[in-house]
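# What the coordinates show
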Amino acid sequence: MVSAIIRIVLLTSALALAIGAPQLRAEPATPIKGTAYVTSWFGGVVSVIDLASGALKKKIPVGIHNHNVTLRPDQKQAWVTNNNAGTLSIIDTQANSVIKALPTGKGPRHIFFSADGKEAYVTNEFDDRVEIFDAQAGASLGVVKVGAMPHFALASGDRLFVSNFGGGDVTVLSRAKRQALATIAVGTGPLGQGATKDGKRVYVACHNANLVAVIDAESLQRIADIETDAGPVQVTVAPNQTFAYVANDGAGTVQKIDLAVNKVIKTISIAPDAGSHGVGFAGDGRWLLITNTGANSLSIFDTQTDEIVKTIFVPTAPEGVAVRR
């Protein structure tokens, strides 16, 4: 009788698990290639992930509260912002080890490289400034004051667009003159930005306003708002220049934007508490990578179907992601 009861309990438990378990999708026919570098806000490391196997290849110790990682255009280095340490960690992507630590201002958040790889722009959110670095020598070239709590700097042509989280606006700088050209109101809590390759449009994720603001980069005017789910953090234009994807940490969703009409055309749910945060692409845009700060995971989407094809668990509170080909 006891053994029969045990068998019934085990069978019932197995059935419950089977019903509740997510259905696994078959591995995609087109392989996912490349190496992902993922920050860890509470882990003090950058995780090096082989995207083909999903294996954690290495943990690279960096600074306190590392927020963002960006690859230099030649992909030989990955630069990491350590928010509470006030430093940048420079990783040699061949050896996957830190080769230099650079001091910067208070609260470094994001790094953006010029297209030619000569300059790097670092936002210092507690100094209300952007520090400019020689990206080859790793030496400071000076600082430029911007708005309140700058978060993300984006270089497009000769202009640098800086989202100011505390000011609800974007400061536009001349890269050559290191001077402000304009201040554009966009909505409360602007964070990440994306731009088209032709430099005509800049998109700004306004976290507290639940929208993506669209800026005409030539006239420097805000020309449209795109409503999103709660808490948009990062918006990135896909390599095909037709769509953009925005990660919403307040809703745990990713939304696909049709750039021709400036509207969300698809919402992809990850989990309500996923804290969907950073955005990156692999395979020339075939694969979309999203960091989930609340779920300690990296979601990989097939942009042809907009479905998750792989979930990789990474160390604590991942925020930034960059992909080396």
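Small disclaimer: the values here were computed from a predicted structure and weren't measured.

## Section: the overall build of the chain
In terms of helices and strands, the chain carries 1 helix and 28 strands. In terms of C-alpha radius of gyration, the chain reaches 21 Å, essentially the compact-globule figure of 20 Å for 325 residues. Looking at the chain as a whole, 55% of its 325 residues are labelled buried. For the chain, the share of sequence-separated contacts (at least 6 apart) that also reach a separation of at least 24 residues comes to 38%. Here the chain displays about 14000 Å² of accessible surface, and carbon together with sulfur accounts for 55% of that area. Averaging the positions of the 29 positive and the 27 negative side-chain charges in the chain gives two centres separated by 5 Å.

## Observations concerning the environment of K58
Within the fold, K58 resides in strand 3 (residues 55-61). Sequence separation between K58 and V45 is 13 residues, and the spatial gap between their C-alpha atoms is 9.5 Å. In contact with K58, other than residues within four places in its own chain, are V46, S47, V48, A95, N96 and S97.

## Remarks on the packing of aromatic side chains
Per the stated rule, a full pass over the model turns up 4 aromatic pairs. Taking the centre distance of 6.2 Å and the plane angle of 75° together, the rings of W79 and F133 count as edge-to-face. Note that W79 is positioned in strand 5 (residues 77-82) and F133 in strand 10 (residues 129-134), a separation of 54 residues in sequence. Side by side, W79 and F133 carry an identical accessibility label, which is buried. The interplanar angle of 65° and the centroid separation of 6.2 Å between the aromatic rings of F112 and F152 together place this pair among those described as edge-to-face.

## Some words on the sheet that holds strand 16 (residues 190-195)
The strand order across the open sheet formed by 4 strands is 16-17-18-19, and the pairing between neighbours is antiparallel. Where the open sheet ends on each side, the last strands, each with one partner, are strand 16 and strand 19 (221-227). The mean angle between the axes of side-by-side strands here comes to 25°, regardless of whether they run parallel or antiparallel. Looking at chain direction, strand 18 (residues 211-216) and strand 19 are connected through 6 bridges and run antiparallel. In the sheet register, V214 faces strand 19, and the bridge partner there is A224.

## Notes on the sheet that holds strand 12 (residues 150-156)
Spatially, 12-13-14-15 is the arrangement adopted by the 4 strands of the open sheet, whose pairing is antiparallel. The sheet is open, and its two borders are formed by strand 12 and strand 15 (179-185), each paired with just one other strand. Between one strand axis and the next, the sheet turns through 20° on average, direction left out of account. Taken together, the 6 bridges between strand 12 and strand 13 (residues 159-164) define a ladder with antiparallel strand orientation. The residue bridging L154 from the neighbouring strand is F161, located in strand 13.

## Some words on the confidence of the model for the chain
Residues of the chain with pLDDT of at least 70 account for 91%, and the chain-wide mean is 92. In the predicted structure, residues 1-24 sits below a pLDDT of 50 and forms 1 contact with residues beyond four places in sequence or in another chain.

## Section: the environment of D116
Position of D116 relative to the elements: it lies in the loop between strand 8 (108-113) and strand 9 (119-124). A sequence separation of 42 residues divides D116 from D74, and the C-alpha atoms of the two residues are 9.0 Å apart. Of the polar contacts made by the side chain of D116, one reaches the side chain of S114; its length is 2.6 Å. One polar contact links the side chain of D116 to the main-chain amide nitrogen of K118, over a distance of 3.0 Å.

## Quick look at the environment of G250
Its place among the elements puts G250 in the loop between strand 21 (243-248) and strand 22 (253-258). Sequence spacing of G250 and D229 is 21 residues, and the spatial spacing of their C-alpha atoms is 7.5 Å. Setting aside residues up to four positions removed in sequence, G250 forms contacts with A230, G231 and P272.

## Quick notes on unusual backbone geometry
Unusually for a residue other than glycine, M149 sits at a positive phi of about 55°. Positioned with a positive phi, N210 is a non-glycine residue whose angle comes to about 55°. Within the element layout of this structure, N210 appears in the loop between strand 17 (201-206) and strand 18. For N210, a relative accessible area of 30% gives the class partly exposed.

What counts as what
- Residues numbered from 1 in each chain as written.
- Predicted model: local features only at pLDDT ≥ 70, side-chain atom pairs only at ≥ 80, totals over all residues.
- Heavy atoms only, no water.
- Helix = DSSP H or I, 4+ residues; strand = E, 2+ residues; numbered from the N terminus.
- Rg over C-alpha atoms; globule rule 2.2 N^0.38 Å.
- Buried < 20%, exposed > 50% of the residue type's maximum accessible area, 1.4 Å probe, protein only.
- Contact = heavy atoms within 4.5 Å.
- Areas by Shrake-Rupley, 256 points an atom, 1.4 Å probe, with all protein chains shown as cover.
- Lys, Arg positive; Asp, Glu negative; His and termini not counted.
- Charge placed at Lys NZ, Arg CZ, Asp CG, Glu CD.
- Phe/Tyr/Trp six-rings, centres within 6.5 Å; stacked < 30°, edge-to-face > 60°.
- Pairing = 2+ DSSP bridges.
- Axes fitted to C-alpha atoms, helices over the stretch in contact; angles between N-to-C directions.
- pLDDT = per-residue confidence, 0-100.
- Polar contact = N/O pair within 3.5 Å; in protein donor to acceptor, adjacent residues only side chain to side chain.

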